[in-house]
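Coordinates in review
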Amino acid sequence: PSGSEPATKIVINLERLQQLPADKVGPLARYAAAIQSQRGDYNGKVLSIRAEDLRSLAIIYDKTPGELTDQLIDWGVLPPEARPAHRVD
Ligand code: C2E
Ligand code: C2E
Ligand code: C2E
């Protein structure tokens with residue numbers, strides 16, 4: 001969708017992520033696991049990541065950051081509030 005904007009605050013739902021098929025979320029799941037490992041942050045139900053990481057993940061998924069934001073919301077990995085408020089038709 002042309003109007004998509006990237007999420008500004010990226011808080012990944014780790015429980016939801018684990019429920020989704022690996023062929024869809026594999027790269028994201030590995031990325032999140034790597035960040036958890038680097039931080040030593042294993043106990044959370046959610047994981048806050050950098051806006052810069054969304055840009056890197058968008059390249060991996062061959063989408064714009066805004067399109068990936070929409071995809072993550074569709075999957076339930078990000079809450080709908082993650083989409084920045086934008087103009088209504
Ligand atoms: P918040 O940012 O709204 O986060 C709410 C809760 O979500 C956190 O409660 C924590 O249980 C969980 N959470 C969010 N991101 C992560 C994450 O990357 N890993 C894990 N394991 N849990 C996460 P918590 O920890 O009691 O923090 C309460 C509030 O304190 C946060 O609300 C935030 O306002 C502040 N805070 C905590 N850590 C940081 C931080 O590293 N940076 C900043 N700026 N604020 C922080
Ligand atoms: P680093 O980038 O050199 O960051 C060192 C420390 O600075 C981090 O230790 C953390 O305490 C703090 N820090 C840096 N940026 C932020 C930030 O935006 N918010 C908060 N709350 N703290 C920040 P930590 O957490 O033990 O992370 C160790 C290393 O793991 C980081 O070194 C970085 O290389 C990697 N890492 C951790 N989380 C992320 C992430 O979300 N994205 C990326 N790309 N790398 C991460
Ligand atoms: P946060 O801790 O509330 O940080 C909000 C924003 O402040 C970050 O957005 C970043 O632009 C800036 N910031 C905070 N600490 C640092 C720092 O040490 N160095 C630099 N250069 N900038 C900093 P950003 O990057 O989009 O990160 C969003 C959230 O992701 C952070 O919220 C934090 O919850 C988490 N995060 C990012 N990197 C790390 C990290 O290395 N370790 C940990 N534990 N959490 C991180």
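Predicted, not measured: the structure shown is a model, and the values here were computed from it. (Residues numbered from 1 in each chain as written. Chains lettered and ligands numbered in written order. Predicted model: local features only at pLDDT ≥ 70, side-chain atom pairs only at ≥ 80, totals over all residues. Heavy atoms only, no water.)

**With respect to the nonpolar core**
Counting residues in hydrophobic clusters, the biggest one holds 23 residues, and the most contacted among them are Ile12, Leu17, Leu28, Leu72 and Val77. Every element with two or more residues in this core is listed here: strand E1 (10-13), helix H1 (14-19), helix H2 (22-39), strand E2 (46-49), helix H3 (51-60) and helix H4 (65-75). (Core = buried A, V, L, I, M, F, W, Y, C linked by side-chain atoms within 4.5 Å. Buried < 20%, exposed > 50% of the residue type's maximum accessible area, 1.4 Å probe, protein only. Helix = DSSP H or I, 4+ residues; strand = E, 2+ residues; numbered from the N terminus.)

**Remarks on the site of ligand 3**
Taken together, Arg39, Ser48, Ile49, Arg50 and Ala51 are the residues near ligand 3. Between Arg39 and ligand 3, the recorded distance is 3.1 Å, taken from a side-chain N or O atom to a nitrogen atom. Compared with its free state, where it exposes 790 Å², ligand 3 has 27% of that area covered by protein. Grouping the amino acids of the shell around ligand 3 by side-chain chemistry returns two nonpolar, one polar and two charged. (Near = heavy atom within 4 Å. Polar contact = N/O pair within 3.5 Å; in protein donor to acceptor, adjacent residues only side chain to side chain. Areas by Shrake-Rupley, 256 points an atom, 1.4 Å probe, with all protein chains shown as cover. Nonpolar A, V, L, I, M, F, W, Y, C, P; charged D, E, K, R; others polar.)

**Here's the deal with the site of ligand 1**
Taken together, Lys9, Arg39, Asp41, Gly44, Val46, Leu47 and Ser48 make up the full set of residues adjacent to ligand 1. Between ligand 1 and Asp41, the relevant distance is 2.6 Å, taken from a nitrogen atom to a side-chain nitrogen or oxygen of the residue. Separating a nitrogen atom of ligand 1 from a backbone N or O atom of Val46 is a distance of 3.3 Å. For ligand 1, the protein covers 26% of the area, taking 780 Å² as the surface of the free molecule. Residue contributions to the shell around ligand 1 peak at three residues, all from E2.

**Comments concerning the environment of Ala85**
Topologically, Ala85 is positioned in the segment after H4. C-alpha of Ala85 to C-alpha of Gln19: the two residues are 66 residues apart in sequence and 28 Å apart in space.

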